[in-house]
Amino acid sequence: AADMLISTLKASGLTRGRVTDLGCGSGILARKLLDQGYAVEGIDQSVAMLALAKSRAPEAVFRRETLFECEIPPSIAVCAIGECFNYRFDRNNDEAALDRVLHRVYQSLEGGGIFLFDIATPDRIVKAPSKNFFQTQNWTTLVENRHSETPLMMTRKISSFIRAGGYYERVDETHHLRLIDPDTLAHRINTLGFEFEMFECYGPTPLPAGCVGFCAYKHNSSEPG
Ligand SMILES: C[S@@+](CC[C@H](N)C(=O)[O-])C[C@H]1O[C@@H](n2cnc3c(N)ncnc32)[C@H](O)[C@@H]1O
């Protein structure tokens, strides 16, 4: 996602300015943007993620807030990478809250600015395997996906086994995701005044099955038409 954002910014002549990263996680995108000369403001609700982000990208500004309520500073780009609009860490995440944040993103962007994000759609239920696992030398993660119909939600139960000396520590997490209809969302961002393209890969990296990306542009008011 970072490479796609940076090349899109450069292709649009946006070589300096602030990028706001909603759901910034561990600051990987922030680090890459800083290295290219951009300023970065990152928002995340997770203390642990923000601690990683601050050590990886100390020149950036990070705030612990919910992206559904936070103030978005004037930006040349706003991004929300990795299903950030889907998670229900914030129990107020619903259609209306999403509408409000989309509106604030639009207001915060300068003319010609870019809004890059991805969402998990209802297809995620069909396409994501109900059980999956990932393994590295010191880390094994088991994932179980379940869903409920009204509202359309996916529940992801994650158990990680982390090698600590001769033992494994087990960490359990449960994530609830509100699945978002891509056509309804496309209509909303169009109504706000964005032009956009939808995509299924960040460059060579495919999005997870059932996710869709949006690269949206705020019309540049200095351009005719
Ligand atoms: C899958 S991670 C992606 C992190 C990062 N954007 C990346 O691409 O590596 C999703 C992140 O969104 C954050 N998040 C989810 N809901 C949020 C909310 N309502 N407000 C702020 N952060 C949120 C989580 O804490 C997590 O760090």
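Refer to the structure above for everything that follows.
This section reports on the structure supplied with the text. (Residues numbered from 1 in each chain as written. Predicted model: local features only at pLDDT ≥ 70, side-chain atom pairs only at ≥ 80, totals over all residues. Heavy atoms only, no water.)

1. What about the site of the ligand?
Next up, step 1: Contacts to the ligand come from 17 residues, most closely from Gly-23, Asp-44, Gln-45, Leu-67 and Ile-81.
Next up, step 2: Interatomic distance of 2.6 Å between a side-chain N/O atom of Asp-44 and an oxygen atom of the ligand.
Next up, step 3: For the ligand, an oxygen atom lies 2.7 Å from a polar atom in the side chain of Gln-45.
Next up, step 4: Here the ligand, which alone exposes 590 Å², has 81% of that area covered by the protein.
Next up, step 5: Because more than half of its atoms lie within 2 Å of the grid, the ligand is assigned to the largest pocket.
Next up, step 6: Its residues placed into classes, the shell around the ligand shows eight nonpolar, six polar and three charged. (Near = heavy atom within 4 Å. Polar contact = N/O pair within 3.5 Å; in protein donor to acceptor, adjacent residues only side chain to side chain. Areas by Shrake-Rupley, 256 points an atom, 1.4 Å probe, with all protein chains shown as cover. 1 Å grid on protein atoms, 1.4 Å probe; cavity = no way out; pocket = protein on both sides within 12 Å on 5 of 7 lines; lining within 4 Å. Sits in = over half its atoms within 2 Å of the grid points. Nonpolar A, V, L, I, M, F, W, Y, C, P; charged D, E, K, R; others polar.)

2. Some thoughts on the packing of aromatic side chains
Remark: the centre distance and the inter-plane angle together describe each pair of aromatic rings, the angle taken between the planes.
Next up, step 1: Within the structure shown, the criterion is met by nine aromatic pairs.
Next up, step 2: Each ring, one from Phe-115 and one from Phe-194, has its centre 5.6 Å from the other, and the planes form 35°; the classification is tilted. Residue Phe-115 is located in strand β5 (residues 109-120), and its partner Phe-194 is located in strand β10 (residues 194-199); the two are separated by 79 residues in the primary sequence.
Next up, step 3: A relative accessible area of 0% places Phe-115 in the buried class.
Next up, step 4: Taken together through their ring pairs, the aromatic side chains of Phe-85, Tyr-106, Phe-115, Phe-117, Phe-194, Phe-196 and Phe-214 make up a single cluster. (Phe/Tyr/Trp six-rings, centres within 6.5 Å; stacked < 30°, edge-to-face > 60°. Helix = DSSP H or I, 4+ residues; strand = E, 2+ residues; numbered from the N terminus. Buried < 20%, exposed > 50% of the residue type's maximum accessible area, 1.4 Å probe, protein only.)

3. Let's talk about the environment of Met-154
Next up, step 1: Structurally, Met-154 can be placed in strand β8 (residues 153-164).
Next up, step 2: It is 35 Å that separates the C-alpha atoms of Met-154 and Tyr-38, two residues lying 116 residues apart in sequence.
Next up, step 3: Residues contacting Met-154, with those up to four places away along its chain left out, are Arg-124, Ile-125, Asn-145, Arg-146, His-147, His-175, His-176, Leu-177 and Leu-179. (Contact = heavy atoms within 4.5 Å.)

4. Section: the pattern of salt bridges
When charged atoms on two side chains of opposite charge get close, those side chains can pair.
Next up, step 1: Tallied over the full model, the rule gives 13 salt bridges.
Next up, step 2: Ionic pairing is found between Arg-63 and Glu-65, a salt bridge with its closest N-O pair at 2.6 Å.
Next up, step 3: Residue Glu-65 is classed as partly exposed on the basis of its relative accessible area of 29%.
Next up, step 4: With a shortest N-O distance of 3.7 Å, Asp-123 and Lys-127 are connected by a salt bridge. With a gap of four residues between them, Asp-123 and Lys-127 both fall in helix α5 (residues 123-127), about one helical turn apart.
Next up, step 5: The exposure class assigned to Asp-123 is partly exposed, which follows from its relative accessible area of 38%.
Next up, step 6: Within this structure, Arg-18, Glu-41, Arg-63 and Glu-65 form a network of salt bridges that share partners. (Salt bridge = Lys/Arg side-chain N within 4 Å of Asp/Glu carboxyl O.)

5. Comments concerning the layout of surface pockets
Next up, step 1: Looking at the largest pocket, its volume works out to about 1,500 Å³.
Next up, step 2: Of all the secondary-structure elements, those providing two or more residues to the lining of the largest pocket are α2 (28-35), β2 (39-44), β6 (131-136), β7 (139-148), β8, β9 (167-178) and β12 (205-206).
Next up, step 3: In terms of residue count, β8 provides more of the lining of the largest pocket than any other element does, five residues in total.
Next up, step 4: Here the lining of the largest pocket is built from residues that sort into 27 nonpolar, 14 polar and nine charged.
Next up, step 5: Both domains that meet at the lining of the largest pocket, namely domain 1 (2-121 + 180-218) and domain 2 (124-176), each give it at least three residues. (Points joined across faces, edges and corners; volume = space filled by probe spheres on them. Domains from an automatic or database assignment.)

6. Thoughts on the pairing of β8
Looking along a regular strand, one sees side chains alternate from face to face of the sheet.
Next up, step 1: Here 10 bridges tie β7 to β8, and the two strands are oriented antiparallel to one another. Residue pairing for β8: Trp-139 is matched across the bridge by Ile-162.
Next up, step 2: In this structure, the hairpin formed by β7 and β8 is closed by a connection of four residues.
Next up, step 3: Direction of pairing for β8 relative to β9: antiparallel, over a ladder of 12 bridges. Paired with Arg-156 across the bridge in β9 is His-175. (Pairing = 2+ DSSP bridges.)

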